[in-house]
Amino acid sequence: MDFEKTRFNMVEQQIRPWDVLDTNVLDLLFHVKREDFVADNQRQLAFVDTELPLPNGSKMLQPKMEARLVQDAAIQPSDKILEIGTGSGYLTALLAKMGKQVVSVEIDPAQKERAAANLKKAGVANATLVEGDGVLGLAEQAPYDVIVVGGSLPVVPQELKDQLAVGGRLILVAGDLPVMACKLIERETDTSFRETALFETCVERLKKFEAVEPARFSF
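If you're wondering where the values come from, they're calculated on a predicted model, not measured in any experiment. Once a new chain begins, its residue numbering starts again from 1 and follows that chain's sequence as written. Whole-chain, interface and lining totals are the exception, using all residues; otherwise, since this is a predicted model, local features are given only for residues with pLDDT of at least 70 and side-chain atom pairs are given and counted only at 80 or more. Calculated side-chain values reflect all of the structure's heavy atoms, with hydrogen atoms and water omitted.

Caption draft 1: Seen up close, the overall build of the chain. Check the secondary structure of the chain and you find six helices and nine strands. In this setup the radius of gyration rests on C-alpha atoms only. A globule is expected at 2.2 Å times the number of residues raised to 0.38. The globule rule puts the C-alpha radius of gyration for 219 residues at 17 Å, and the 16 Å found for the chain is close to it. Over its C-alpha atoms, taken along the principal directions, the chain stretches across nearly 50 × 35 × 30 Å. The 219 residues of the chain split such that 52% are buried. Where helices and strands are cited, they refer to DSSP runs of H or I of at least four residues and of E of at least two residues respectively, numbered from the N terminus. We call a residue buried when its accessible area falls under 20% of the maximum for its residue type, exposed when it is over 50%, and partly exposed in between, using a 1.4 Å probe and counting protein chains only.

Caption draft 2: Structural view of the side chain of R187. Residue placement: R187 occurs in strand 8 (residues 179-187). Although R187 lies buried, it forms no salt bridge, and the closest oppositely charged side chain, D162, sits 4.7 Å away as judged by the N-O distance. Those residues in contact with R187 that sit more than four places away from it in its chain are K161, D162, Q163, L164, A165, V166, G167, G168, S192 and F193. Positive charge is attributed to Lys and Arg, negative charge to Asp and Glu, and no charge count is given to His or to the chain ends. Whenever a carboxyl oxygen of Asp or Glu lies within 4 Å of a side-chain nitrogen of Lys or Arg, that contact is scored as a salt bridge. Throughout, a residue-residue contact means that at least one pair of heavy atoms, one from each residue, lies within 4.5 Å.

Caption draft 3: Quick look at the packing of helix 3 (residues 63-72) against helix 4 (residues 90-98). In the contact formed by helix 3 and helix 4, the axes pass within 10 Å of each other and the chain directions differ by 30 degrees. With respect to helix 4, the axis of helix 3 lies roughly parallel. When the axes of helix 3 and helix 4 are compared, the crossing they make is right-handed. Along the contact surface, helix 3 presents E66, L69 and V70, while helix 4 presents Y90, L91, L94, L95 and M98. Only the contacting stretch of a helix is used when fitting its axis, a line to C-alpha atoms as for every element, and angles between N-to-C directions run 0 to 180 degrees. Here the angle decides the label: under 35 degrees means roughly parallel, over 145 means roughly antiparallel, 65 to 115 means roughly perpendicular, and every other value means oblique. Crossing handedness follows the turn of the near helix against the far one: under a right angle anticlockwise gives a left-handed crossing, and clockwise gives a right-handed one.

Caption draft 4: The arrangement of the pattern of salt bridges in detail. With the rule as written, the count across this model stands at 15 salt bridges. Residues E4 and R7 are paired through a salt bridge, measuring 2.8 Å at the closest nitrogen-oxygen approach. Here E4 pairs with R7, and both are found in helix 1 (residues 3-15), just three residues apart, close to one helical turn. Assessed through its relative accessible area of 39%, E4 is described here as partly exposed. Among the ionic pairs, E66 bridges to R34, the shortest N-O distance being 3.0 Å. Taken together, the residues E66 in helix 3 and R34 in the loop between helix 2 (23-31) and strand 1 (52-53) connect sequence positions 32 residues apart. In this structure, a network of salt bridges that share partners links the residues E4, R7, K33 and E35.

Caption draft 5: Region of interest: the pairing of strand 4 (residues 101-106). Counting buried residues in strand 4 gives five out of six residues, a clear majority hidden from the surface. Whether a crossover is right-handed depends on one test, that the path from the first strand over the helix to the second runs clockwise when the strands point away from the viewer. Following the chain from strand 3 (residues 80-84) across helix 4 to the adjacent parallel strand 4, one finds a crossover that is right-handed. Of the crossover connections in this fold, the one passing from strand 4 over helix 5 (residues 109-121) to the parallel strand 5 (residues 127-131) is right-handed.

Caption draft 6: Examining the sheet that holds strand 9 (residues 193-201) more closely. Within the open sheet, the seven strands sit side by side as 5-4-3-6-7-8-9. Their pairing is mixed. Of all the strands in the sheet, just strand 5 and strand 9 have a single pairing partner and so form its edges. Strand-to-strand twist across the sheet, computed as the mean angle between neighbouring axes with direction ignored, equals 15 degrees. Two strands pair under a simple rule: DSSP has to find at least two bridges between them. Strand direction decides the pairing type here: strand 8 and strand 9, joined by eight bridges, are antiparallel. When the bridges of strand 9 are listed, A181 appears paired with E200. Along the sheet face, helix 5 touches strand 4 and strand 5 and points at about 170 degrees away from the line of strand 5.

This is the structure in structure tokens:
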């Protein structure tokens, strides 16, 4: 398989049509090798427009979704980033290449170790992986310039908003099937936030909430 040709086709046929036009993000997709973040028997599927299953039963986001999250978070080289849900580590690597520091929280210890190995192989040295339930963030290391949630949630947790620095951005997919929305929350002052619905989509729930009915919990 010609991985570079397939990678080019992924960018041109999946990602650009999804309004990912930031040249820094597009260049990054050629630099960080997505096939190195999946199981050996999935390498030829690494560029397919679908959510790929991970060994723990969760799923890796679609390539176009990962690219949109990175682009729409408007990451700056000085940014400290919190990622909720490390997964394969691929999105972690993209965030780390764009920002100064990434702290990524993963609830599954075995998946955390797999992601750590993937990141080491990719030469990513500015990402710290933390085992735990990150749905309410990681307050002890706040504030963050950017928070990215790697799976959908029923609602936007106030705790995540509160961990943003002023001027910080939280990007996540929230809502319930059949339609969810990718939202960008910007902290304008200590007490005020601006929320923008970017686009409609459907994304796999964060592992904690896979089997939970939305009415059964609140933040």
